[in-house]
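Examining the three-dimensional arrangement
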Amino acid sequence: MKKALFLLLSLSLVATSLFAAGGQEQKEEGPIELEFWTHEDPNRTAIEERYIQEFEAENPGITVKRVTHSSTKIQELVLTAFAANQGPDIFNMSIEDEYAYIANGRVAPVDAKAVGYKSIDELKNAYIPKVLDPVVMDGKLYGLPLELTNWSIYINKRVFRDAGLDPETDYPRTWEEMADISEKIIIRDGDIITRRGFDFRYPYYLVSMVPMVEQLGGELISKDGKTAIVGEEAWISFLDYMKAWGPNGRNLGSPTYKNARKLFNYDNNDIAMALTGLYQQGRIKADNEDFYNSGEWMVVPFPQFADAKQKAAACYYGHYYMVNGQTSERRQQAAWKFIGYMLSHGEEYLTTVNIIQPTKKLMESDTFKNMPYSDVFRDDMENGHIVYYGENSAKMQELIKQAVESVMLSGVSSEKAYATLKAEAQELLDEE
C-alpha cells in the first residue's frame, strides 16, 4: 500500500460525496445483508460462524456474509474496493494499514448504543488505557479492537536439548546471545539452512525491528514529528546486526526462508525459536495437539541488546473493526450492533483462539491470568508501545524493509543503507 492508497481514497471520497449529494441517502428499507471482510484464521472461523448464526436468529432481517482473505491480501482488496466505492460494510486489519481510512474519512464513527453501551465515555472506560487512541480523531472514535497483540519468543525445548543446551537456563536474554545460541543450534547442508535457531518476522519491520533500534537509542520519528530515522549510530548498529545475521554474514537466517512462526507448531526439528503472540498457543493446539500438551515449549521475553540504552519490547498492535462510512445510517447501525455482539464474547475468544480483546474486565480476569505465559506477554507489553501508525505507515515499513534486505541480501553497506533510508523516510514525512 503505497502513496497511491491515499490518492485513490481521497479521489474516491470526492466522487462518493458528489454521488451522495445526488440522492445516495434515500431511505433504505427491507432486509440488510452485511458484508464482513476479515483475515484468515481457522480457529476464529468456527466460533465466528456460530456468532453469525446466533446474531441472525436474534435480529431477523439482518444477515451477515463473512469473507476471509490472507492478512497481506486483504490490504490490497480493501483498498481496491474502497477506491471503487464498493467497500465492505465491516472490515478489520492491523491499525498501521487501517489508519488511512480514518484519515481519509472513509469509516463511520462508533455507535456506542448499537454496540451495547450507554455512551462513548462508558465504552472508552471499558478498555485499558491507550488502546483506543489510534482510532480516535477529532474527538470521535472510529474502531473497536478485535484483538491487541504483542510478540515474545517461543522456544522448542526439544531442539534446545538436541543442540546440547538447557532451555530453562540457556535461552537468549540479549540479541547478541540470540545470534550465538542460534549458531549452536543451526544445521546446514552447505549454505542451505535445514534447522534454524531463530529468525525474524521479516514482513513486520515496524512491530519487531523498530524496537531493536529504540533499544540502542534511535527513533523512527522524532518526538516533535518532524524528523525521520533519528539516531545514526543506533540505526547503523542495528543494520550491522542484520547484515551479520544474513546469508552474507553468519548465515543464521534470511527473508527468503519460510516464516519461522509457521514452522514452529509442527515440531519438526527445523526451528528452535519463533517471535509471535499469545494467539500462537491456539494455533499450536489446532495444528499439533500432542506438541501443545507435551510441555516441550515455553515463552520468554523479547531480547534486549547488551548495551541497550533503554528497554524496549516488540510493539503491540491492534486489529480494529471498522464500518464503511459511505453506507446508510441504518446499515452502519446494524454493522455496529453485529460488532458489539461479536465483542461480547471476549473470554471465549481468549480461551478458544488465544487472542486478547483489551478490555479491563478481560485483562483483570482469572481467565487471562491463568493462560500459559500470559505474564510474559503482559510484562513485554508494559515495555512496549503501540506500533507506528499514520497515513504513511505502510510506505515507511516498506522503506525499512528495503534497507534491511539491502544489507542482508545485496551486500549494501550499513552506512549507505542508512543514508538512503533516512533520505527517503524524511521525504515521505515531509509529504504529509
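In every chain, residue numbers begin from 1 and rise along the written sequence. The predicted nature of this model means local features are confined to residues of pLDDT at least 70 and side-chain atom pairs, given and counted, to a pLDDT of 80 or more, with totals for whole chains, interfaces and linings taken over all residues. Where side-chain values are given, they derive from all heavy atoms of the structure, hydrogens and water being excluded.

Points about unusual backbone geometry
Put simply, the rule is: Each helix corresponds to a stretch of at least 4 residues labelled H or I by DSSP, and each strand to a stretch of at least 2 residues labelled E; elements are numbered beginning at the N terminus. Each residue's exposure class comes from its accessible area (1.4 Å probe, protein chains only) as a fraction of the maximum for that residue type: buried when under 20%, exposed when over 50%, partly exposed otherwise.
Phi at D138 takes a positive value of approximately 50 degrees, unusual for a residue other than glycine. Note on placement: D138 falls in the loop between β4 (136-137) and β5 (140-141). Residue classification places D138 among the exposed positions, given a relative accessible area of 76%. With a phi angle near 65 degrees, N354 is a residue other than glycine that sits in the positive phi range.

Overview of the sheet that holds strand β14 (residues 317-323)
Sheet strands line up and pair through hydrogen bonds in the backbone, either parallel or antiparallel. We apply this condition: In short, DSSP must find at least two bridges between two strands for them to pair. In this analysis, axes come from line fits to C-alpha atoms, helices being fitted only over the stretch in contact, and the angle between any two N-to-C directions falls in the range 0 to 180 degrees.
The strand order across the open sheet formed by 5 strands is β2-β1-β3-β14-β6, and the pairing between neighbours is mixed. Each end of this open sheet is capped by a strand with a single partner; those strands are β2 (62-69) and β6 (144-149). Direction aside, neighbouring strands of the sheet carry axes that sit 15 degrees apart on average. Sheet topology places strand β1 (residues 32-39) next to strand β3 (residues 90-94); 2 bridges connect them, and they run parallel. By the bridge assignment for β3, W37 is matched with F91.

Here we look at empty space enclosed by the protein
Basically, it comes down to this: Only protein atoms enter the calculation, which uses a 1 Å grid: trapped sets of points that fit a 1.4 Å probe without letting it out are cavities, open sets showing protein on both sides within 12 Å along at least five of seven lines are pockets, and any residue with an atom within 4 Å of a point is a lining residue. Grid points are joined across faces, edges and corners, and a volume is the space filled by probe spheres set on the points. Residue polarity follows a fixed list, in which Ala, Val, Leu, Ile, Met, Phe, Trp, Tyr, Cys and Pro are nonpolar, Asp, Glu, Lys and Arg are charged, and the others, Gly among them, are polar.
Evaluation of the coordinates by the stated rule reveals 1 cavity of 30 Å³ or more. In this structure, the largest cavity encloses a volume near 50 Å³. Taken together, E147, L148, T149, N150, L278, Y279, N354, I355 and I356 make up the full set of residues lining the largest cavity. Class assignment of the residues belonging to the lining of the largest cavity gives a composition of 5 nonpolar, 3 polar and 1 charged.

Section: the environment of R161
Its location among the elements puts R161 in helix α7 (residues 157-162). Since its relative accessible area comes to 43%, R161 is described here as partly exposed. For the pair R161 and I185, spaced 24 residues apart in sequence, the C-alpha to C-alpha distance is 9.4 Å.

Quick word on the confidence of the model for the chain
Keep this limit in mind: Scored from 0 to 100, pLDDT records how confident the predictor is in each individual residue. In what follows, a contact means two residues having at least one pair of non-hydrogen atoms within 4.5 Å.
Overall, the prediction assigns the chain a mean pLDDT of 92, with 94% of residues at 70 or greater. Ignoring residues within four places in sequence, the model shows residues 13-26, a span with pLDDT below 50, making 14 contacts including any to other chains.

Notes on the side chain of Q357
Along the chain, Q357 falls in the loop between α17 (346-353) and α18 (360-363). With residues up to four places along the chain from it excluded, the contact list for Q357 reads P145, L146, M342, L343, G346, Y349 and L362.

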